[in-house]
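One letter stands for each residue in the lines below.
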Amino acid sequence: PSWSWPSSDTLLGVNDPFLRLADAFLAHHGTLRGVVRYALVARQLEEHLLPPPARIADVGGGAGQQTIPLARRGYEVTILDPSPTMLGEARRTLASEVEDVRRRVKLVRGEGERGIEILGEGSFDAVLCHGVLMHLEDPRPMIHELAALARPEATVSVLAKNASALAMRPALEARYKDALSALDADRDLGGFGVETRGDTLEGLSALFEGAGLKVVRWYGVRVFTDHLGDQGPGADLPEVLELEWQASRRDPYRCVARLIHLIGQH
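A quick note: this is a predicted structure, and the numbers were derived from the prediction, not measured.

Participant: With reference to specific residues and values, describe the environment of G210.
Facilitator: Structurally, the position occupied by G210 is in helix 10 (residues 201-210). According to the relative accessible area criterion, G210 is exposed, its value standing at 53%. Measuring from C-alpha to C-alpha, the distance between G210 and H144 comes to 8.1 Å, with 66 residues separating the pair along the chain.

Now the structure itself:
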């Protein structure tokens, strides 16, 4: 694989978080929380992406859980990621795909904040960056890089931890002391045992505007299922996904979701 996570001095004390988190991250993909995240974000993206064969960059895309399915639909996908481990997983997934899908996916190891240098300015019809900002002390350079990778009128999609709702998970897990502390916090210990930072909708929107992006829509991701730990999906998954989808677009529900999905355009 070929890509690079943000430089170590911009991360929260880790050089390559996926070296030790890869197994947990991949296991999370099969849990109800993981299924809800990827299914919801995919459905939300459908409302904003140009039709195939538009070019998509997935910055921090790891094993390709979000974008390899887009390649199956005909999109040209570039996954830019710093972790050889995660890109190796993407390669394993691609090995079982038909040749046309494999041909539409490019794996690049490199730092997201060097995206222009690595991939070229204004090269993509959509730029995704999901679950990355929470690992950065300062998200501003990354967002400017995402905006620069996108051509005029392209879509930029960011998925970040919701700093305004950090008390929800511990409270619903009956960890009330932790929930009280989270009310005034901007970061917490995530499901992988690593402390990560949250962003507010207002703060992210301001960063988008500062990078020349107009916010066109925002969604909440995981309103009702975020506290369910490693529980797997059940027979009621269609109803769960529809409930989460409806809540993801409505106040006050989306305001207390674990994740913020922000969509911007040049």
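Participant: I'd love a proper account of the packing of helix 7 (residues 140-149) against helix 10, names of residues and values included.
Facilitator: Look at helix 7 against helix 10: their axes get within 9 Å of each other, and the N-to-C directions meet at 50 degrees. Judged on the interaxial angle alone, helix 10 and helix 7 are oblique. Helix 10 is crossed by helix 7, and the crossing has right-handed handedness. Between helix 7, through R140, I143 and H144, and helix 10, the contact on the second element is made entirely by L204, L207, F208 and G210.

Participant: Give a detailed account of the pairing of strand 2 (residues 76-81), specifying residues and quantitative values.
Facilitator: With five of six residues buried, strand 2 lies mostly within the body of the structure. In terms of strand pairing, strand 2 meets strand 3 (residues 105-109) through five bridges, oriented parallel. Bridge assignment links L80 to a residue of strand 3, and that residue is V108.

Participant: Go over unusual backbone geometry, please, and point to the residues and values.
Facilitator: In this model, P52 is joined to P53 through a cis peptide bond whose omega is 10 degrees. Mapped onto the elements, P53 comes out in the loop between helix 2 (32-46) and strand 1 (55-59). Backbone torsion omega between D251 and P252 reads 5 degrees, so that peptide bond is classified as cis. Not every positive phi belongs to a glycine, and E153 is a case in point at roughly 70 degrees. With respect to the helices and strands, E153 occurs in strand 5 (residues 150-161). Even without being glycine, A174 reaches a positive phi, approximately 65 degrees. As for its position among the elements, A174 is in the loop between helix 8 (168-172) and helix 9 (176-182). In this structure A174 comes out as partly exposed when scored by relative accessible area, which is 48%.

How each quantity is defined
- Numbers given to residues run from 1 along each chain, matching the order in which its sequence is written.
- Thresholds applied to this predicted model are a pLDDT of at least 70 for local features of residues and 80 or more for the giving and counting of side-chain atom pairs; totals over whole chains, interfaces and linings are not thresholded and use all residues.
- Side-chain metrics rest on all non-hydrogen atoms present in the structure, leaving aside hydrogens and water.
- A run of H or I in DSSP counts as a helix once it spans at least four residues, and a run of E counts as a strand once it spans at least two, with each numbered from the N terminus.
- Between buried and exposed lies partly exposed: a residue is buried under 20% and exposed over 50% of the maximum accessible area for its type, with that area taken using a 1.4 Å probe on protein chains only.
- Fitted lines through C-alpha atoms give the axes, limited to the stretch in contact for helices. The angle between two N-to-C directions lies from 0 to 180 degrees.
- In these notes the angle categories are as follows: under 35 degrees is roughly parallel, over 145 is roughly antiparallel, 65 to 115 is roughly perpendicular, and the rest is oblique.
- Crossing handedness is defined as follows: a turn of the near helix away from the far one that is anticlockwise and smaller than a right angle gives a left-handed crossing, while the clockwise case is right-handed.
- For this analysis, residues touch if any pair of their heavy atoms sits within 4.5 Å.
- Two strands qualify as a pair provided that DSSP identifies no fewer than 2 bridges between them.

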